[in-house]
Number of protein chains: 2
Amino acid sequence: MAVELKDLTKVEDNYSKWYNELVVKAGLAENSAVRGCMVIKPYGYAIWEKMQRALDDMFKATGHENAYFPLFIPKSFFSREASHVEGFAKECAVVTHYRLMNSSQGEGVVVDPSAKLEEELIVRPTSETIIWNTYKNWITSYRDLPILCNQWANVVRWEMRTRLFLRTAEFLWQEGHTAHATSEEAQEEAMRMIRVYQDFAENWMGVPVVVGHKSPNERFAGAEDTLTIEALMQDGKALQSGTSHFLGQNFAKAFDVTYTTKEGKQEYVWATSWGVSTRLMGALIMAHSDNNGLVLPPKLAPIQVAMVPIYKGEEQLKVMTEKMEAIAAELRKRGISVKVDARDNVRSGFKFAEYELKGVPVRLALGPRDLENGTIELARRDTLSKEVVPQEGLVDRIVALMDEIQTNIYQKALDFRNSMITKADTWEEFIDILDNKGGFVSAHWDGTPETEQAIKDATKATIRCIPIDLVDEEEGKCIFSGKPSHRRVLFARSY
Amino acid sequence: MAVELKDLTKVEDNYSKWYNELVVKAGLAENSAVRGCMVIKPYGYAIWEKMQRALDDMFKATGHENAYFPLFIPKSFFSREASHVEGFAKECAVVTHYRLMNSSQGEGVVVDPSAKLEEELIVRPTSETIIWNTYKNWITSYRDLPILCNQWANVVRWEMRTRLFLRTAEFLWQEGHTAHATSEEAQEEAMRMIRVYQDFAENWMGVPVVVGHKSPNERFAGAEDTLTIEALMQDGKALQSGTSHFLGQNFAKAFDVTYTTKEGKQEYVWATSWGVSTRLMGALIMAHSDNNGLVLPPKLAPIQVAMVPIYKGEEQLKVMTEKMEAIAAELRKRGISVKVDARDNVRSGFKFAEYELKGVPVRLALGPRDLENGTIELARRDTLSKEVVPQEGLVDRIVALMDEIQTNIYQKALDFRNSMITKADTWEEFIDILDNKGGFVSAHWDGTPETEQAIKDATKATIRCIPIDLVDEEEGKCIFSGKPSHRRVLFARSY
């Protein structure tokens, strides 16, 4: 598959087009024959697997176990929790039949009308209902609590406008579902998990995030409180990257899940749920990449070091490749993933462009002069800098460089993000920032859903979150209504 | 959740009931609110995760990459490959609508008739069609081959009679789909992967398998050749545990996937597919377990060593627990997973029964006398033997014991399986073995589908495989028709 880097749209020309092209050209994903459903290609899936492994380790380190619940949910389950049905049961894939038959008119296969389900099944858009229906049988006494389960699964939401990774009809995710004896414990769990997401986003993806509460308008359907991590993309738009919900007793009440306390009383169980999805792939791509392609943080890069021989003729290729394989073996011993690219049907310049496009953090090139001098050319993807370095000490240098690149990518994103949180104290400022600068606007809000909706209608900006760490309490006046406000919140246009 | 071991049906009384109860009581899986769909509980899922990790490492070691393809397949795709549609498109979940709406009669939510899909979508029962439709765009020249992809996914087949793990409407599996330039290369791949499955079954699960070809009747719908691993359960019934298919050019032709050879000619691409599923959980349970519960091979046991304190009073509990935690720390350093069970609300006898039920390979119990004498009680799950051993050298002993138990479990199953392959040379012998001994019957067959079907109708036994390793060529007469035959094949009743 040829890499057609020259055709990649420039970031500054059309960010949205650049993103769409990059996802495909870098071999991450592509659209499928099924509307809104993507194919995640091997290179993209390798990144997702690294994300999964890191997150799964973090979930287990915080006491969670994995389990698996059914893909299908009986339609009636959605009606049990009033606000949940409004949020989820509408745009979904509905299974109505369980058999096909040969068409009597010779039109291939058709749905067998006699195989109609008594109750339709919904392909899960999220699993609170089926899981709480299951937990009912798992929970009797306080000794059965807490239940700390996570599920890695596919889910389907029938989105009308889809974009690879950012919004697809089917996507992959994990959904944690926990059950607790007290409200406090459940709220602590919801906070613990949003902090796990923050840790992952910042220290693995190199993407700084703002942690905060969602406003009631933006809460998960069925939650009492939704915590979010909000990332900022290079075009100044926010991307909700993970959420953690305190569900109160809503699902316990809907599915009649009670437990006997130490004192022998019957109480409803308290719940949380939390999830991140393949949308994180979109965040990773949009936060760091450039006109040359992807920029991957070393911790999530399927290939951390690409090695390219510079040679003339078969004999030189053999010599270079052998030397590179020896270096690669040393690097692999230190846990670095290396690809030695000895292809003889493409030029080295093509290979350079390909590894840049694919975001490989470090590229090493070895030519005849290097062999003489005991040197090697080292190129960093994040800074696009090149230098000729001694082969001696190379392995230690590269091990250290992995950390350096990881930190640099994060710091660059953090500096950008921090430069894009702007205070607005008047409506004019607010509009001006949104239209001309972008990013997060820190502004006062009167706390009402009506005002939030009016601001959204006027500007397409929403409250991304009420930040926990960033903003101290402060008296002020709502940017829109002028009514009194006790703290600033973060607005932005978003994906 | 109380362990009600005393209620477990005995293997010898009702094998089928014993299995169903064991799966639930050991906390592996349970039925869900959706007919035929199971909930895989944390303990069961932990075993599945270990299976996945081992298999995934083996796939990668043989050059495969993971990818992800859509859950849904357009109905028309199934009509493209004639025999595939007969095998798969019939009993399946059909998505016909993409929206629900509030009922005007106040009956909760109902299907929105205006949101009918133009073409129905099938929830994948297997993914050859959608994948080959995708490969069409990935393959142009011989340089794009081979493609060696695997997918971990859920699939749905609308089975009428379901049993936990063995046959469920939704199940989890992996499906490898590879594309090759030549028939030979594809056939080698199909063989390589069935040998990977054999390696996994025997060396990880401790389950000996017979490797062989399926007869044409039992082939995968759309395959030119199906290789299988066939395991034997303790009730003498066979269980097909994994298959690897040489698909010829059938899917390449159905989806028009061609490549340009080195010589510049256009050729159709050659294919394989291969899969194992959560059915392996059923094989694992039925191959080794007994009246006390599961028997897990150490390599797949989520808990390898359970430690139980024997104590009177809180002070003793504290002392025993501290000592056990110290031993556990040493074991964990050697990669052994250990659970120290310091619960004070259940008796040690209850804990013993629980770890037996859950198949934990080794149980250690430490009491006051042991503390005085520097000893500890060690119980093996596979042999149900107990001995008091010195604490000195315990860690080395347990590390070695893990291998010993793994080998012993396999050897026991192998001896049983070998004792259950019986030659039959007359129809009377054939019937007698099936009815009174069970297991595999090695017999001559005339090679026709008609005879195979007639034998199946008469006895419920099918040809499990035409073994590759076990049986040499030998002239004989078909057990049923008396016609000449050149080799024996293995018949059995099966799951």
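The present account deals with the structure reproduced in this document. None of the values given here were measured: they were computed from a predicted structure.

## Focus: the overall build of chain A
Scanning chain A for helices and strands turns up 13 helices and 25 strands. Against the 2.2 N^0.38 benchmark of 23 Å for 495 residues, chain A shows a C-alpha radius of gyration of 26 Å, consistent with a compact globule. Expressed along its principal axes, the backbone C-alpha trace of chain A runs to roughly 80 × 70 × 55 Å. Relative to its full complement of 495 residues, chain A shows a buried share of 49%. Sequence-distant contacts in chain A: of pairs separated by 6 or more residues, those separated by 24 or more amount to 68%.

## Some details on helix α9 (residues 348-357) of chain B
By the burial criterion, the buried members of α9(B) are Glu354(B), Tyr355(B), Glu356(B) and Leu357(B). Where the residues of α9(B) are buried, they touch α1 (15-25), β16 (305-309) and β18 (362-366) of chain B.

## Focus on the interface of chain A and chain B
On the chain B side, the residues contacting the 55 residues of chain A number 55 residues. In terms of residue count, the dominant contributor to the side of chain A that touches chain B is strand β5 (residues 91-102) of chain A (10 residues). Per-class residue counts for the side of chain A that touches chain B are 34 nonpolar, 11 polar and 10 charged. In this sheet, strand β5 (residues 91-102) of chain B lies alongside β5(A) in antiparallel orientation, the contact comprising five bridges. In the strand pairing of β5(B), His97(A) is matched with Val94(B).

## A closer look at the relation of the copies chain A and chain B
When chain A is fitted to chain B, the residual RMSD is 0.0 Å, and the transformation amounts to a turn of 180 degrees plus an axial shift of 0.0 Å. The transformation relating the two chain copies, once decomposed into turn and shift, fits a two-fold axis. Nearest to the rotation axis, the C-alpha of Val95(A) is located 2.1 Å from it, this being the minimum over chain A. Of all interface residues in chain A, 98% are interface residues in chain B too; the two copies therefore contact each other through one and the same surface.

## Quick look at unusual backbone geometry
Following Leu145(A), the chain continues to Pro146(A) via a peptide bond in cis, the omega torsion being -5 degrees. The phi angle at Lys460(A) is positive, at roughly 65 degrees, despite the residue not being glycine. Residue position: Lys460(A) is located in the loop between α13 (449-459) and β23 (462-467). At Phe165(B), a position not held by glycine, the phi torsion is positive, near 70 degrees. Structurally, Phe165(B) is set in the loop between β8 (147-156) and β9 (170-180). Exposure remark for Phe165(B): the 25 C-beta atoms within 10 Å place this residue in the buried category.

## Digging into the sheet that holds strand β23 (residues 462-467) of chain B
Strand-to-strand pairing in sheets goes through backbone hydrogen bonds, with the strands running parallel or antiparallel. All names here are of chain B. The mixed open sheet is built from 11 strands, whose spatial order is β3-β8-β9-β15-β12-β11-β10-β23-β26-β22-β21. Two strands lie at the open edges of the sheet, namely β3 (65-66) and β21 (421-423), each paired on one side alone. Together, β21 and β22 (440-444) form the strand contacts of helix α12 (residues 427-437), whose direction differs from that of β22 by roughly 175 degrees.

## Points about the sheet that holds strand β19 (residues 375-380) of chain A
Residue and element names in this part refer to chain A. Spatial strand order, β17-β16-β18-β19-β20: five strands in an open sheet with mixed pairing. A single partner strand is all that each edge strand has here, and the edge strands are β17 (338-340) and β20 (386-390). Between one strand and the next, the sheet's axes are offset by a mean angle of 25 degrees, whatever the strand orientation.

Criteria and thresholds
The written sequence of each chain sets the order in which its residues are numbered from 1. Each chain is given a letter, starting from A, and each ligand a number, starting from 1, according to the order in which they appear as written. For this predicted model, a pLDDT threshold of at least 70 governs which residues receive local features, and a threshold of 80 or more governs which side-chain atom pairs are given and counted, while totals over whole chains, interfaces and linings are taken from all residues. A run of H or I in DSSP becomes a helix once it reaches four residues, and a run of E becomes a strand once it reaches two; helices and strands are each numbered from the N terminus. Values of the radius of gyration come from C-alpha atoms, whereas the globule rule sets the reference at 2.2 Å times the count of residues to the power 0.38. Neighbour counting defines burial: a residue surrounded by 20 or more other C-beta atoms within 10 Å of its own C-beta is buried, one with 12 or fewer is exposed, and intermediate counts give partly exposed, using backbone-placed C-beta atoms. Placing C-beta atoms from the backbone, we regard two residues as in contact once those atoms come within 7 Å. Side-chain classes follow a simple rule in which Ala, Val, Leu, Ile, Met, Phe, Trp, Tyr, Cys and Pro form the nonpolar group, Asp, Glu, Lys and Arg form the charged group, and the remainder, Gly included, forms the polar group. By definition, two strands form a pair when at least two bridges between them are found by DSSP. Here the copies are superposed with least squares, the fitted atoms being C-alpha atoms of residues at a pLDDT of at least 70 in both. Each axis is a line fitted through C-alpha atoms, taken for helices only over the stretch in contact, and angles between the N-to-C directions span 0 to 180 degrees.

These values are about where atoms sit, not about what they do.
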